[in-house]
Amino acid sequence: LQEILQSSPSSLVLPAVDCEATKYLLSFLQESGDWKLTNVTNLNVSQLEMNASEGNLLVVQLQPLVSGLKEISTLEAIAENDKIIRKVTMDLQERGIHFSVIFTAARPSRISRRTNVVAELRRQLMATEEEDDLSYPPLNMTTGNYTCILFYASNFSLKANSSVFVDLTNATFVTQNVDISASECSDSNTTLSLKYTKPVNGISSLEIRFLMTNKFYEGSARQWSTLDSVEIIQDGEKFAKFNVSVISAPAEYSFHCQLVGTSNLYPARLVPANNEAKNWDVFISRLQIQGFNIENNQFSYASDCTGFFTPVIWMGLVTSVILLWILTYGIHMIMQLTTNSRFDDPKGPALSVPQAE
């Protein structure tokens, strides 16, 4: 990318991304000129039919960077995206097509640490935000005028066989090019069904199901909603099932977690339940889901997957206990000290202390 910027006749670099501006970028470009809009999914531009004498607008979606993971994972993602950029530009140059490029994102990857945005750096949930800074609303499943399922994620992507990357974020939340008609709602069971048609080349259909239950637990004397499993059905034949851990909340609440997926690094994991599930990698960031007791078409108070006792808190508690034990032991030893009951008189005979004393 740096070589392309240096060799290009002109370039402009803007250090920030405006979510509202990027949301309308494609529609603005489409209206501003007679473009032929093409979504590039297989990254093989040489097979695309383009007329060099006319305007062509290519939209290439790169792999999103995952915040909160190891640095090596971020570097690998950047290197992979750089290879894609090089491949696309080289194909266009070999065909003798003159082109201009806009590299942008749907959301900023980092938040500026200015004093006037410090409040934005704290963890915020959709249920408590007064001003929603998201670029798209959550996906909702309605039955008549009643909303029974709400689902949101800032990044929703899959990887099949460690090679085919499928980004479903835009299709699910932005363009909503997803079929949710097979979803089911009841007081005890809820199923969110997301069906996609040709999400990427090589996959003709893809269905993802989120199965939730609402049960009464005597131990807590209240109803709890639990995401029991996630199922992936590819092309109507290949069935993958994942058991879910740590995704539960009181029935009146929604559930939120910063990272959900198949990696061991995530606080909420999807554990493969059959052999086909081992061929899939799932990544969901900023997941928030609610399948019961939805009021006013909005998420309820969110129960977060992060426990109250984090490793830092445990370290502080253990250190405090050790210091308290040392203090108690020191006070106990001081209390055992005694003073002499008799003293020598320099003018009298020497004090004789019997051996028994």
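Residues numbered from 1 in each chain as written. Predicted model: local features only at pLDDT ≥ 70, side-chain atom pairs only at ≥ 80, totals over all residues. Heavy atoms only, no water.

Our working rule: UniProt positions are given in the numbering used here, feature names are shortened, and annotations may be inferred rather than shown by experiment.
In the annotation of an unreviewed UniProt entry, the entry for the chain reads V-type proton ATPase subunit S1, and the organism field reads Manacus vitellinus. The chain has a UniProt comment under Sequence similarities (unreviewed entry) that states "Belongs to the vacuolar ATPase subunit S1 family."

**Some words on the pairing of strand β11 (residues 238-244)**
Spelled out, the test is: Only when DSSP finds a minimum of two bridges between them are two strands counted as paired. To qualify as a helix, a DSSP run of H or I must reach at least 4 residues; to qualify as a strand, a run of E must reach at least 2; elements of each kind are numbered from the N terminus.
Bridge analysis of strand β10 (residues 222-234) against β11 gives six bridges, and the strand direction is antiparallel. When the bridges of β11 are listed, Ile 233 appears paired with Phe 239. Adjacent in sequence and paired antiparallel, β10 and β11 are bridged by three residues, among which Asp 235 carries a positive phi angle near 55°. As paired strands, β11 and strand β14 (residues 268-272) are joined by three bridges and run antiparallel to one another.

**Comments concerning the state of the cysteines**
The line we're drawing: Any two cysteine sulfur atoms lying within 2.5 Å of each other are counted as a disulfide. Relative accessibility decides the category of a residue: with a 1.4 Å probe and only protein chains considered, values under 20% of the type maximum give buried, values over 50% give exposed, and everything between is partly exposed.
Applying the stated rule across the entire model yields two disulfides. With a sulfur-sulfur separation of 2.0 Å, Cys 148 is cross-linked through a disulfide to Cys 185. What sets the handedness of the Cys 148 and Cys 185 disulfide is the S-S torsion sign, and at about 50° it is right-handed. With Cys 148 in strand β4 (residues 146-152) and Cys 185 in strand β7 (residues 184-185), this residue pair connects regions lying 37 residues apart in the sequence. We classify Cys 185 as partly exposed; its relative accessible area is 30%. Paired by a disulfide, Cys 257 and Cys 305 hold their sulfur atoms 2.0 Å apart. Looking along the S-S bond of the Cys 257-Cys 305 disulfide, the torsion reads about 75°, which is the right-handed sense.

**Examining the side chain of Thr 172**
This is how it is decided: Note on definitions: a residue-residue contact is assigned when non-hydrogen atoms from the two residues lie within 4.5 Å.
Residue position: Thr 172 is located in helix α5 (residues 169-174). Using a relative accessible area of 0% as the deciding quantity, one classes Thr 172 as buried. Contact partners of Thr 172, with chain neighbours within four places excluded, come to Leu 139, Phe 151, Phe 156, Val 178 and Tyr 196.

**Describing the packing of aromatic side chains**
To keep things clear, this is the line we draw: We call Phe, Tyr and Trp rings a pair once their centres come within 6.5 Å, taking the six-membered ring for Trp, and we label the pair stacked below 30 degrees between planes, edge-to-face above 60, and tilted otherwise.
Evaluated as defined, the whole model comprises ten aromatic pairs. Note on Tyr 136 and Phe 173: the rings are 5.3 Å apart at their centroids and 10° apart in plane angle, and the pair reads as stacked. Within this pair, whereas Tyr 136 is found in the loop between α4 (71-94) and β3 (139-143), its partner Phe 173 is found in helix α5, the two being separated by 37 residues in sequence. Ring geometry for Phe 151 against Phe 210: centres 5.2 Å apart, planes inclined by 40°, an arrangement best described as tilted.

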